[in-house]
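Working through the structure, step by step
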Amino acid sequence: MEKKIRVLVAKPGLDGHDRGAKVVARALRDAGFEVIYTGLRQTPEQIAEAALQEDVNVVAMSILSGAHGHLFPKVVDLLHKNGMNDVLIIGGGVIPEGDIPALKEAGVAEVFTPGTPTGDVVKFINEHVKL
Amino acid sequence: MDIAEELLKGNRLALSRAITAIENEYDEATDIMKKLYPHTGHAYVLGITGPPGAGKSTLSDKIAREYRAQGKTVGIIAVDPTSPFTGGAILGDRIRMNGLTLDEGVFIRSMGTRGSLGGLSHKTADAVKAMDAFGKDIIIVETVGVGQSEVDIVKAADTTMVVLIPGMGDDIQAIKAGILEIGDLYCINKSDLDGADKLVREINMMLDLDSLMTDWRPPITKVVASQNEGIAELLGTVDKHRTYIEGNGELAKRRTKRTRDEMLDILSSNIGSYIKSKIVDSGRLDGYVEQIKQHKTDPYTVIGEVMGEMLK
């Protein structure tokens, strides 16, 4: 019996910058996780449905468009509606420090801003994921 | 929740959880499969294989849309390679199918190969059964990008489609053994590129020389998946093949062989892991290895003794 950590890496909303998401996806792969990469311009509904079909343990979203305050909580909400209450939700991107408390309040477990070593993301997932 | 019961009621999260249990070999997986098995056997399984970058995922997306337009429900299992070094994987096939995510008649699941070398994962066949029991009409199984010899798809699929693209080698490649032998259908994708007609000629030559050919000659269809060109025609050949093998008993034969292979696989894997757990957990393995290293005995003698002891 092998519990493999599965992570959905997604880019919600209208934002064409996926380099960061790809770097994180690669780092998670190298940490031994199965990374489902869904790419750019995903709606919250698409992300929540893909998370359900893939039965992921973690949803990792990257946003650089400034719409995090709307999109992150929406995804959290939809995941819970799908019955996925144990999934660890994390975010990353250019997100002002001041916005982070509200995102955490909304159910995003952690927000990683530019300059975060990828190892920190891996460590956070290993420590907080529910299998 | 009772996963099998909920799955049979059409709960998508239950289907998803069932596949996880199967993949991770949770204890409850066997019970789930026992409950699902009576409900399997209705779906038609289309295997899609071909080299990396041939367009298998894009093609799966287009084929699924075409089936949806015909009113059929579709399950897709997309396999990508697991790293032999870290056990991690990037499962990136979904990215070509994002337009299907919100269609409730489609369920897509990505799987890593997790050490299997035949182009699928060891658990792909059981995941197919879960989707079958869930009620999907068509299940598309997309292999990893294959080289020349990953042919497990033949065992899992009712119809196997080999996808090729122009520019991958000369006609000597086409007469080698391996994946080029296994197609019930050939699909030449990216056929707007130079060399598509040459590739069709080469496949035809290979088929001309096939001494094992039945009266089914695999059709070759040129498509441009990204432009949705040739997809309806391609599906026409799938339907034709299905009618053909349903009519002459070949489908029944394939499925009988599959059941037999699966039985033997489960048997050897269960016996293997039983014996492994006995000799690994008790620490006996290390002792044997030490003795063999010192040439006091050999692996064949040891295995003979162990088997004799465990299977009497």
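Heads up: these notes are all about the structure in this document. Each chain has its residues counted from 1, following the order in which its sequence is written. In the order they appear in the text, chains get letters beginning with A and ligands get numbers beginning with 1. Local features in a predicted model are, by the rule used here, given only for residues with pLDDT of at least 70; side-chain atom pairs are given and counted only at 80 or more, and totals for whole chains, interfaces and linings are based on all residues.

1. Quick word on the sheet that holds strand β4 (residues 88-93) of chain A
In plain terms, the rule: Here the rule is simple: two strands pair whenever DSSP picks up at least two bridges between them. A helix here means a DSSP run of H or I that spans at least four residues, while a strand means a run of E at least two residues long, and both kinds are numbered starting from the N terminus. Axes, fitted as lines to C-alpha atoms, cover a helix only where it is in contact. Angles between the N-to-C directions of the axes lie from 0 to 180 degrees.
Within the open sheet, the 6 strands sit side by side as β5(A)-β4(A)-β3(A)-β1(A)-β2(A)-β3(B). Their pairing is parallel. This sheet does not close on itself; its edge strands, each paired only once, are β5 (110-112) of chain A together with β3 (89-91) of chain B. Between one strand axis and the next, the sheet turns by 25 degrees as a mean value, whatever way the strands run. Judged from the 3 bridges that link them, strand β2 (residues 34-42) of chain A and β3(B) form a sheet pairing that is parallel. When the sheet's bridge partners are listed, A:Glu34 is paired in β3(B) with B:Ala89.

2. Focus on the interface of chain A and chain B
Put simply, the rule reads: Working definition of a contact: two residues with C-beta atoms, positioned from the backbone, lying within 7 Å. In the scheme used here, Gly and all other residues not listed as nonpolar or charged are polar, with Ala, Val, Leu, Ile, Met, Phe, Trp, Tyr, Cys and Pro taken as nonpolar and Asp, Glu, Lys and Arg as charged.
Each side of the interface is counted separately: chain A has 28 residues, and chain B has 28 residues. Of all the secondary-structure elements, those providing two or more residues to the side of chain A that touches chain B are α1 (19-30), β2 and α2 (44-54) of chain A. Taken together, the residues that form the side of chain A that touches chain B break down as 10 nonpolar, 8 polar and 10 charged.

3. Details of the sheet that holds strand β8 (residues 220-222) of chain B
Residues and elements named next belong to chain B. Spatially, the 7 strands line up as an open sheet ordered β4-β2-β5-β1-β6-β7-β8, and their pairing is parallel. The two strands at the open ends of the sheet, each matched to only one other strand, are β4 (106-112) and β8. Across the sheet, the mean angle from the axis of one strand to that of its neighbour is 20 degrees, orientation sign disregarded. With 3 bridges connecting them, strand β7 (residues 185-188) and β8 associate as parallel partners. Bridge assignment links Cys187 to a residue of β8, and that residue is Thr221. Packing of helix α9 (residues 231-247) onto the sheet brings it into contact with β1 (44-49), β6 (159-164), β7 and β8, and relative to β7 it is tilted by some 175 degrees.

4. Side note on the environment of B:Leu59
Residues and elements named next belong to chain B. Within the secondary structure, Leu59 is located in helix α4 (residues 56-69). As a C-alpha pair, Leu59 and Met97 span 38 residues in sequence and 9.4 Å in three-dimensional space. For Leu59, the residues in contact, after removing those within four places along its chain, are Ile48, Val163, Cys187, Asn189 and Ala225.

5. Here we look at unusual backbone geometry
Leaving glycine out, the prevailing phi sign among residues is negative, and the prevailing peptide bond configuration is trans. Quick note on the threshold: Put simply, a residue is buried when 20 or more other C-beta atoms lie within 10 Å of its own C-beta and exposed when 12 or fewer do; between those, it is partly exposed, and each C-beta is set from the backbone.
Within the chain, A:Arg41 stands out as a residue other than glycine whose phi angle is a positive 55 degrees. The topology assignment puts A:Arg41 in strand β2. At B:Glu25, a residue that is not glycine, the phi angle is positive and equals roughly 55 degrees. For B:Glu25, the location among the structural elements is in the loop between α2 (12-23) and α3 (28-36). For B:Glu25, a count of 16 C-beta atoms within 10 Å gives the class partly exposed.

Read these as layout, nothing more, since geometry by itself doesn't imply function.
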